[in-house]
Amino acid sequence: MANIERDEVSGTDTTGHEWDGIKELNTPLPRWWLWTFYASILFAVVWWVLYPSWPTLNTYWKGTLAYSSRVDLANDLTARDNEPQRAARVKKIASMPIAAISEDKDLREFAAAGGRVIFADNCAPCHGSQGSGAPGYPVLADDDWLWGGSLEAIETTIRYGIRSTHDDTRVSEMPVFGTDYLSKTQIADVTEYVLSLTNKSKDSSAAMRGAEVFAGDCAACHGEKAEGGRDFGAPKLSDGIWLHGDSREAIIAQVTKPKHGVMPTWQGRLDDVAIKEVAVYVHSLGGGE
């Protein structure tokens, strides 16, 4: 208190703090600011009482108004579903084959809009935003398709999955060539051949030997010219699109002990309308056929 004094210029008391000859003024806060601050505190207390707020040991304070945004959302969705125009479109989608949906501009746009939301909720965690893909998960916005990129093919893949639990799921199994089928030398040779398809091989002799290995052990699924085989879900090897990497090491690893991903069966998780909508959306990303 002994250091507190009145500033001669402003007439305001100091706080008693001083730094390098500079004294701090004890300037009071404006009354409007204080009243706003107190009102905010009062508002917060009232809000805590009226609405869900503080956690308890086993649950949370639900508020005297018992408000729930989930209830509002459910009511909004119910109201949307009961809209006559939307209900009519959903009924059409349910009854029409997916190719016919695509031919109807209004219905196609409606389905794609719904499919975008479904995709974001269920598919984007693996396939990325707008089908951009991720390591080990295919890009859906290009024109490289293991099982075909037509509307019907996309719908089938979504509905039944890949290596999943449904009886009609798509199945493709690349043999583990590193056990009993091929030697390490043969695997290295066939890797050089595959690299040569995109002009990345550094050993033409090994690539020539690998071509013979490929013809005898790989062409049955991947095609004689490595153009891929959709009947088997076998990828094209002569382009620059690779699911598990295009380096020499990555290809050797895939031939030696291949990775096999699993896509869930969405039938049963999504209804028929939702499956068609997300198929239309995926097809619209730019890579559909």
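Reading guide: rules and limits
- Sequence positions are assigned chain by chain, starting from 1 and proceeding in written order.
- It should be noted that, the model being predicted, local features are given only for residues of pLDDT at least 70 and side-chain atom pairs only at 80 or more, the latter also being counted only at that level, while totals for whole chains, interfaces and linings use all residues.
- Only heavy atoms go into the side-chain values, all of them from the structure, while hydrogens and water stay out.
- DSSP-based pairing: two strands are paired if at least 2 bridges between them are found.
- Only DSSP runs of H or I reaching four residues or more are called helices, and only runs of E reaching two or more are called strands; each is numbered from the N terminus.
- The aromatic pairing rule takes the rings of Phe, Tyr and Trp, using the six-membered ring of Trp, and pairs them if the centres are within 6.5 Å, calling planes under 30 degrees apart stacked, those over 60 edge-to-face and the rest tilted.
- Here the term buried applies to any residue with accessible area under 20% of the maximum for its type, exposed to any over 50%, and partly exposed to those in between, with areas from a 1.4 Å probe on protein chains only.
- UniProt positions are given in the numbering used here, feature names are shortened, and annotations may be inferred rather than shown by experiment.
- Note on contacts: a residue pair is in contact if any heavy atoms of the two residues lie within 4.5 Å.

1. Re the pairing of strand β2 (residues 22–25)
In terms of strand pairing, strand β1 (residues 14–19) meets β2 through three bridges, oriented antiparallel. Within β2, the position partnered with Thr14 by the bridge is Leu25. Hairpin remark: β1 followed by β2, antiparallel, with two residues in the connecting loop; positive phi at Asp20, about 50 degrees.

2. As for the packing of aromatic side chains
Aromatic ring pairs are described here by two measures, namely the spacing of the ring centres and the angle between the planes. Here the structure, examined in full by the defined rule, presents ten aromatic pairs. The interplanar angle of 50 degrees and the centroid separation of 6.0 Å between the aromatic rings of Phe37 and Tyr38 together place this pair among those described as tilted. For Phe37, a relative accessible area of 39% translates into the label partly exposed. Assessed through its relative accessible area of 44%, Tyr38 is described here as partly exposed. Feature note: the residues Trp33, Trp35, Phe37 and Tyr38 constitute an aromatic cluster, connected by ring pairs.

3. Some thoughts on the UniProt feature "binding site: heme c 1" (unreviewed entry) in the protein
Those residues carrying the UniProt feature "binding site: heme c 1" (unreviewed entry) are Cys123, Cys126, His127 and Met263 in this numbering. Over a stretch of 141 residues, the named residues converge on one spot in the fold, their C-alpha atoms separated by at most 10.6 Å. Here Cys123 shows up in the loop between α5 (105–122) and α6 (124–127). The residues contacting Cys123, other than those within four sequence positions of it, are Ile118, Gly128 and Val278. The partly exposed category is assigned to Cys126, whose relative accessible area is 35%.

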